[in-house]
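# Coordinates in review
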Amino acid sequence: MKIYAFDVRDDERQYFEQLKKEKGLDIQLRTDSLTMDTIPFLEENSAVTILGMEKYGEAEMKALAAKKIYYLSTRTIGYDHIDLEAAKKYGIHVANAAYGPESVADYTIMMILLCLRPYKQALWRMQVNDFSLGGLIGREIHDLTIGVIGTGRIGSTVIRELSGFGCKIIAYDKYPKEEVKKYAAYVDTLDELYKEADVITIHTVLNDSTYHMIDGNAIAKMKDGVVLVNCARGPLMDMSALIAGIESEKIGALGLDTVENEQSYVHQNRKTDIFSDRDIAYLKQFKNVIYTQHMAFYTEEAVRSMVEAGVLSLVDMNQGKETRLQLV
Ligand code: NAD
């Protein structure tokens, strides 16, 4: 079976080459994306692995099935950009990737610390030899209550790592986990978490029940000066509510690794273009808003695992083998 690897980044190539050699696989590496324009040129009975965050819906699934391409993997953990119902309808099996939760968990801890110690302003000042301290006073994490929403692989790792700081940790998840209770106290409602937490970090998946979970109503219930961190998925937080919260100073600091509507520019160099996402262009200029380019996952360890998972799940699905990464 031929495998087309789309959206291949330079840092992934060595791992693809290794798999080709070690497993004798026929993998064509491509830097473009799987789209309605590229699908007609693929070989029949091949398989595809993608990395891009474009939407893959009914039309794409139908086009893949027309080429007898029944195996699709995304080299990401998140798969909210893939319409699994449409995939099922056209008999396409889909798998996502897996990598250790530490990459995103470590990054989340860094975001919390960068927000609590006004690092962005300190960095700005250093660049112009401004060595003053005014306005740079921070807060110590051990004195604070950290609220973690979503205690799956990443959320529970954040909690375990946070426990070393000696802070109070409260958590909310639809399905509380016994092992998390060692480090954190679950609250019964999100309202309780909003009321008590000085810092809130979100780690749920994105679906209909979590879309805009953090909206204007939720923010109104939080402490004044709350620190909000999102290293999960942009649409978990309503962008206009974040802007209002920063403008009114209800939100003390924001650490965002992902934002709503990032799909059209995420991981692209757009520095010479007219950048049209007004919301993020406006929001990222604030001294207390840290925005990074959806890079929490981006470690050597994670990239290797993403490539291996993306390729080997296609091979397993094609051989009818069980893979824990298969979604449909
Ligand atoms: P996971 O599936 O292990 O955990 C998700 C948790 O959310 C589960 O415990 C689930 O019970 C909980 N949940 C679902 N709906 C809920 C609701 N309505 N209320 C409360 N809890 C709810 O997922 P994970 O691997 O820990 O990933 C967490 C998030 O991080 C995902 O959104 C994923 O897309 C994102 N992510 C981001 C990056 C990045 O680079 N920024 C990288 C990987 C993953």
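Anyway, here's the lowdown on the structure attached to this text. As the structure is a computational prediction, the values presented were derived from the model and not from experiment.

Neighbouring the ligand are 26 residues, the closest being Arg 153, Ile 154, Asp 173, Lys 177 and Thr 204. Gly 152 places a polar main-chain atom, nitrogen or oxygen, 3.3 Å from an oxygen atom of the ligand. With respect to the ligand, the side chain of Ser 209 contributes an N or O atom lying 3.3 Å from a nitrogen atom. Protein burial of the ligand: of its 870 Å² of free accessible surface, 89% is covered by the chains. Classifying every residue of the shell around the ligand by side-chain character gives 12 nonpolar, eight polar and six charged.

Moving on, we come to the packing of helix 4 (residues 102–116) against helix 6 (residues 153–162). At their nearest, the axes of helix 4 and helix 6 sit 9 Å apart, and the two run at 55° to each other. As far as their axial angle goes, helix 6 and helix 4 are oblique. Like other packed secondary-structure pairs, helix 4 and helix 6 cross with a definite hand, here right-handed. Residues Glu 102, Val 104, Ala 105, Asp 106, Thr 108, Ile 109 and Ile 112 of helix 4 pack against Ile 154, Thr 157, Val 158, Arg 160, Glu 161 and Leu 162 of helix 6. For the contact of helix 4 with helix 6, a count of residues per class yields seven nonpolar, two polar and four charged.

Cut-off values and rules
- Residues numbered from 1 in each chain as written.
- Predicted model: local features only at pLDDT ≥ 70, side-chain atom pairs only at ≥ 80, totals over all residues.
- Heavy atoms only, no water.
- Near = heavy atom within 4 Å.
- Polar contact = N/O pair within 3.5 Å; in protein donor to acceptor, adjacent residues only side chain to side chain.
- Areas by Shrake-Rupley, 256 points an atom, 1.4 Å probe, with all protein chains shown as cover.
- Nonpolar A, V, L, I, M, F, W, Y, C, P; charged D, E, K, R; others polar.
- Axes fitted to C-alpha atoms, helices over the stretch in contact; angles between N-to-C directions.
- Helix = DSSP H or I, 4+ residues; strand = E, 2+ residues; numbered from the N terminus.
- Parallel < 35°, antiparallel > 145°, perpendicular 65-115°, else oblique.
- Left-handed = near helix turned anticlockwise from the far one by under 90°.
- Contact = heavy atoms within 4.5 Å.

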